Amino acid sequence: MKRRAPLHVAGTIRAPGDKSISHRALIFAALADGETRVRDILASADVHATASALRAMGVSIPELSTDFVVRGHGIAALTSPARAFDCANSGTTTRLLCGLLAGLPGRSARFEGDASLSRRPMRRVASPLASMGAHIDFEGAPGHDGLPMRVHGAQLRGTNYVSAHASAQVKGALLLAGLASGVEVVVEEPYRSRDHSERMLLARGVALEVSERSVRLPAAQQVTAADVVVPSDPSSATFFAALAALADSGELRLENVCLNPTRTGAFDVLQRMGVSLDVSEQRLVGGELIGTIVVRPEALNGTTIEGAEIPRCIDELPMLACLASQAAGETRIADAAELRVKESDRIRAVVDNLRTLGVDAEELPDGMRIIGSRTPLRGHVITHGDHRLAMAFGVLGAIPGNQITIDDPACVDVSYPRFWQDLAAAVGQGDAGVDVRQTTASGAAVGTPLTIAIDGPAASGKSSTAQWVAQKLGVRHVDSGAFYRAITYLALSTCGDPESWVADDVLANAPRISWRLTERSVLPLIDDIDQDTALRDAPVTRQVSRVAQMLAVREWVNQMVRSAGAAVDVVVDGRDIGTTVFPDAQLKVFLVADSWERARRRLVQRLRRRPTDAEIAEETEELVARDAKDATQSAPARDAITIDTTTVTQEEQVERIVALARATRERMVRPT
Ligand SMILES: O=C(O)C1=C[C@@H](OP(=O)(O)O)[C@@H](O)[C@H](O)C1
Ligand SMILES: C=C(OP(=O)(O)O)C(=O)O
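This one's a predicted model, so the numbers in the text were calculated from it and none came from an experiment.

It is a probe the size of a water molecule, rolled over the atoms, that shows where empty space is left. Taken as a whole, the largest pocket spans an internal volume of roughly 1,600 Å³. Lining of the largest pocket is provided by 43 residues; of these, Ala458, Lys462, Arg575, Arg602 and Arg626 occupy positions nearest its centre. For the lining of the largest pocket, the leading source of residues is helix α21 (residues 595-607), giving 6 residues. Looking at the lining of the largest pocket residue by residue, the classes come out as 11 nonpolar, 16 polar and 16 charged. Each of domain 3 (439-473 + 569-672) and domain 4 (476-567) contributes no fewer than three residues to the lining of the largest pocket.

This paragraph deals with the nonpolar core. Nonpolar side chains in soluble globular proteins tend to be buried together. Judged by nonpolar contacts, the single largest core of 113 residues is most densely connected at Phe240, Leu243, Leu254, Leu317, Phe419, Phe483 and Val553. By residue number, the principal contributor to this core is helix α8 (residues 234-246), which donates 9 residues. Of all hydrophobic cores here, the second largest spans 71 residues; its members include Val47, Ile75, Leu208 and Val215.

Over its 15 residues, helix α15 (residues 480-494) extends 22 Å from the first C-alpha to the last, a length consistent with the 21 Å expected when each residue adds 1.5 Å. When α15 is considered as a whole, its buried residues turn out to be Ser480, Ala482, Phe483, Tyr484, Arg485, Ala486, Ile487, Thr488, Leu490 and Ala491. Capping the start of α15 is the job of one residue whose side-chain oxygen sits 3.1 Å from the backbone nitrogen of Gly481: Asp479. Gly496, located one to two residues past α15, shows a positive phi value of around 70 degrees.

The next point concerns the domain arrangement of the protein chain. You can read the domains of the protein chain as domain 1 (8-15 + 231-426), domain 2 (19-229), domain 3 (439-473 + 569-672) and domain 4 (476-567). Placing a centre on the C-alpha atoms of domain 2 and another on those of domain 4 gives a separation of 37 Å.

Each value, and the rule that gives it
Residues numbered from 1 in each chain as written. Chains lettered and ligands numbered in written order. Predicted model: local features only at pLDDT ≥ 70, side-chain atom pairs only at ≥ 80, totals over all residues. Heavy atoms only, no water. 1 Å grid on protein atoms, 1.4 Å probe; cavity = no way out; pocket = protein on both sides within 12 Å on 5 of 7 lines; lining within 4 Å. Points joined across faces, edges and corners; volume = space filled by probe spheres on them. Helix = DSSP H or I, 4+ residues; strand = E, 2+ residues; numbered from the N terminus. Nonpolar A, V, L, I, M, F, W, Y, C, P; charged D, E, K, R; others polar. Domains from an automatic or database assignment. Core = buried A, V, L, I, M, F, W, Y, C linked by side-chain atoms within 4.5 Å. Buried < 20%, exposed > 50% of the residue type's maximum accessible area, 1.4 Å probe, protein only. Expected span 1.5 Å × (residues − 1). Polar contact = N/O pair within 3.5 Å; in protein donor to acceptor, adjacent residues only side chain to side chain.

Next comes the structure, spelled out in structure tokens:
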């Protein structure tokens, strides 16, 4: 069937830092006695989990940013954490740190994780570590080999372990246990798994012997400190390679991608499916091959993915399966039973979701079978909180004609916090009539997110009302003021005397600002880091209105807010949301209140007591003057619903807006 509109892709994507290398950069820095400078680390939820666990063991790791220094004091200085490790959603954090802890005599830690991680099998590391002399107790139901677990470190014996899994986490855990206890470890695997531990340890003076399917760590090895520059994650870049492959025109340039041969299986599969990939600018950085890949659209054919290729593309299989749904003929994935024990059962979840969308797909015990077609895909994807599912189906959702909603778009935070933003940029959101639009579980709307604009004059209570409405609807509140604060914060350090600030200089910092979705809000990030507290500092507060008056800055903030609204359901408040920022918002509310009442509310908030009539009169005068100044900017949109809040409580006005929002949603689901 023909697509409704062509998909054009363009631009350069620099995917965030490689997750596997990022975890290891921190762990190996912690083992060395000295300073390690880490650049371009992935600042995502999984890596934060590793960083906080290591901090709890006495390693000095600052807030993750694009460039920072870790101060390690050597293996012997690592301590037991005072509290349990919160490994959140991260298998790599859990298994690697389990190995390290197990080999540290006298140290112990409890490992906890979220519901998904707690279901994942840990016996694959616990059992070889126990055979070396470690004590690991599973604290859940009898027979459950997942978190919570307690690891008691001991002086371990060496091992020569033949693993049933091609797993870099198992291999890494045993190498860390060997390093911690100073004993020899040999690990053999059925197929070669990713080899970042080996490369990074060799670069840190550890005398490993590496062959095709085994690695030997001799006893008594020291880890020396070595700086790391983390390349972009090929697993993350694959989403954009797939997007480009699915497009009708244009190309995407994926830069700085880690091309380690144990990680490039997905690119091989793409080429086999007919995709044109041009690799250039190849260079070695810190023992890893890095390069640029240019991907152009092509007619896609189905393929078979199995055997030794599976570990080389294990995390990319959900995306490859989604891509297969758009390829001619059948695609078969086999030997991939490992997928069943990732963040979700990725075989079942991918097949179920593909079927929901109308694709002919079948589960196999160790993989799946997918028959491609060009029929438009429609429906609601259940991610089970699995980041790779959200992103893989998000890419399918970007194809014009498909109407796909994702239940939990925020889970991309695990490995690619700015994914939705990069996706919107790659498809030129707004230009090609393409919707890269996802909604939350509560968002019954299919394909188009709900935007609620709440405008009103000063002190009309829009911000607190908007927050409350968002919370009641289970959607996100966008505080555009936070973006003004973010750009002001950067201007304070780069633009000199505020008196001399000009928009061009202030906006030079804009590329450093992005956003990510949290459960409740759209959070601005600076260099991929949440700086919420710093953004509320007094110097920012003093200068923010100067910056907010610059037209070019206003336009930039509007773009940021629009990109968030293109991705998920939002409630946005301000002065010109319904008129300028979201003229197409499905629900526009304009709050008004008598100026005396607004003045009274503002004073109650400020003074935390009942104001006198004289005080209210003075404040009213100021408000009226401000209203006159803001009159053009603050006019209601023609299609706005005006709510006079003079005589209603805030609770009542919130209820009215929520009721209007629900009615709007109904209309969106069943268009008339
Ligand atoms: O060691 C690592 O960094 C990883 C190894 C892989 O898991 P297994 O080692 O369990 O296959 C991979 O799926 C995971 O995303 C990261
Ligand atoms: C499986 C993954 O990660 P982890 O095992 O670290 O949770 C993944 O990122 O797809």
